[in-house]
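Close look at the chain arrangement
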Amino acid sequence: MRAVTQSLSRMGHVAAAGRRFISLVERPHEPLKSKVQIRDRPHLPDSHNPLLPEFLASPAENEEFFKSFSVVGDADPAKWSTEVRKAVEEQLSQRAAVLLRNTPLRTGEDFSEFIRLTGWQTKGDDDFARAMQARSMTSSCISDYARTASDDHKSYTIEPHHEYHTVGFPDLILLFCQSCPEAGGEWPVGDGRTILKELRPDVVEKFERLGARYHLYYPSKNTPEGSIYNNWETNLLPTKEETENYLRDRGYEFEWKENDGLRYWQNFPAIRSHPKTGERVWFNQIHAHHKTFYTCHPSFVPHKTVTDEKKHWPVHCTYGDGTEIEKDVLDHIRQTVWKNCRGVTPQPGDLLIVDNWAALHGRISFPEGQRKVFAATVFTEEEDDEDDE
């Protein structure tokens, strides 16, 4: 192991005699503890796709798109938090993800306080979306700064994805592990830059030309459907008037369905410019917002016939002109995504920080035990108005 130079080599400060300074020491990537099945994995979207890799790959020794560090030393929490922010931002100017191991964080409350002390912007003009309240998956808010990463069924594998339009296009995603099961629950981390390079040119061209249309459906909480997963009153706003204003403000088209169900949709480009580097990035949720994301979900399998008939999946994605995405295209996208993912076995105290525009993150299912992981989002800080103090 070697101490990272410059700002990483001596984070924090050398205080009075007897006080240790904080440092981040680069450490080798650790291989996965055991093989993590991908192809034919139960409750993994499209897992019968023969193009998928059989297993999730461990990071290579010379893996460059993300790095691992040990946190050494101690300092007051405010100093630790602000110095970690500086070091992480420096690292993310060169790569897509950073794993910090042996942090002093122990609980979700510690993590939430850490986020607060960094001064990172987690809210702004769009407080609602920036608190991840409207995300299509299930999670719970623990503070103004953090949420549970996912409350979804432990048997379900969450595909690698970017946080996207329902949460306001965050720049960074932070995942903190408080506790982990004996087996399963790994983090897949995807190299978005390589994914774009390896996608078929015809696939990239068509999405660049047509864009992608994201469809969402929420039943009302006052219906049987509303108890299966999410409902609009809980995940958006409690009244139709408030919900309609929210959707109009954010440019969505919408319609009310039978039994007060809500469907809304909007087109977004599949390829964007990275806000920091300006490079073209494959930044979307085309595969992870497709209805096949849920067709194998444990919460929906018992209701599959009814759901299929009504076409009321929580999410769906088409081309921007409304036409369906071909199965071979979805298969190819998923193959390319999983091929370029590397697995991390979380340990208590771990902090994974990803550039949301350049890296994907997900969660492997776990058979038993408790897994507590918390998440936070960071957004580009906006300039204050001249009249603001």
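Here we summarise the structure given alongside this text. (Residues numbered from 1 in each chain as written. Predicted model: local features only at pLDDT ≥ 70, side-chain atom pairs only at ≥ 80, totals over all residues. Heavy atoms only, no water.)

1. Some thoughts on the pattern of salt bridges
Under the counting rule described, the total for this entry stands at 23 salt bridges. Glutamate 30 is paired through a salt bridge with arginine 27; the nearest N and O atoms lie 2.4 Å apart. Taking relative accessible area as the criterion, arginine 27 reaches 17% and is therefore assigned buried. A salt bridge links lysine 79 to glutamate 83, with the nearest nitrogen and oxygen atoms 3.2 Å apart. Residue lysine 79 and its partner glutamate 83 are both found in helix α1 (residues 77–91); the two are separated by 4 residues, about one turn of the helix. Relative accessible area serves as the criterion here: at 12%, glutamate 83 is assigned to the buried category. Within the structure, one salt-bridge network assembled from shared partners comprises Glu26, Glu64, Lys67 and Arg95. (Salt bridge = Lys/Arg side-chain N within 4 Å of Asp/Glu carboxyl O. Buried < 20%, exposed > 50% of the residue type's maximum accessible area, 1.4 Å probe, protein only. Helix = DSSP H or I, 4+ residues; strand = E, 2+ residues; numbered from the N terminus.)

2. With respect to the state of the cysteines
Per the counting criterion, the structure on display carries 0 disulfides. Left without a disulfide partner, cysteine 180 is nearest to the cysteine sulfur of cysteine 177, which lies 4.5 Å away. (Disulfide = S-S within 2.5 Å.)

3. With respect to the nonpolar core
If you look at the biggest cluster of nonpolar residues, it comprises 55 residues, and the most contacted ones within it are Phe207, Trp282, Ile286 and Ile333. Listing elements by their share of this core, those giving two or more residues are α4 (192–198), α5 (201–210), β9 (212–218), α7 (240–249), β11 (262–268), β13 (280–282), β14 (315–319) and α9 (327–339). In terms of residue count, α9 provides more of this core than any other element does, 5 residues in total. Leaving out residues up to four positions away in the same chain, isoleucine 286 has contacts with Phe207, Ala212, Tyr214, Ala270, Cys317, Ile325, Leu330 and Ile333. (Core = buried A, V, L, I, M, F, W, Y, C linked by side-chain atoms within 4.5 Å. Contact = heavy atoms within 4.5 Å.)

4. With respect to the sheet that holds strand β15 (residues 341–344)
If you trace the 4 strands from one edge of the open sheet to the other, you get β6-β17-β8-β15, paired in antiparallel fashion. Taken across any chain shown, the strands that pair with only one partner, and hence form the sheet edges, are β6 (158–161) and β15. Across the sheet, the axes of successive neighbouring strands diverge by a mean angle of 20°, strand direction being ignored. (Pairing = 2+ DSSP bridges. Axes fitted to C-alpha atoms, helices over the stretch in contact; angles between N-to-C directions.)

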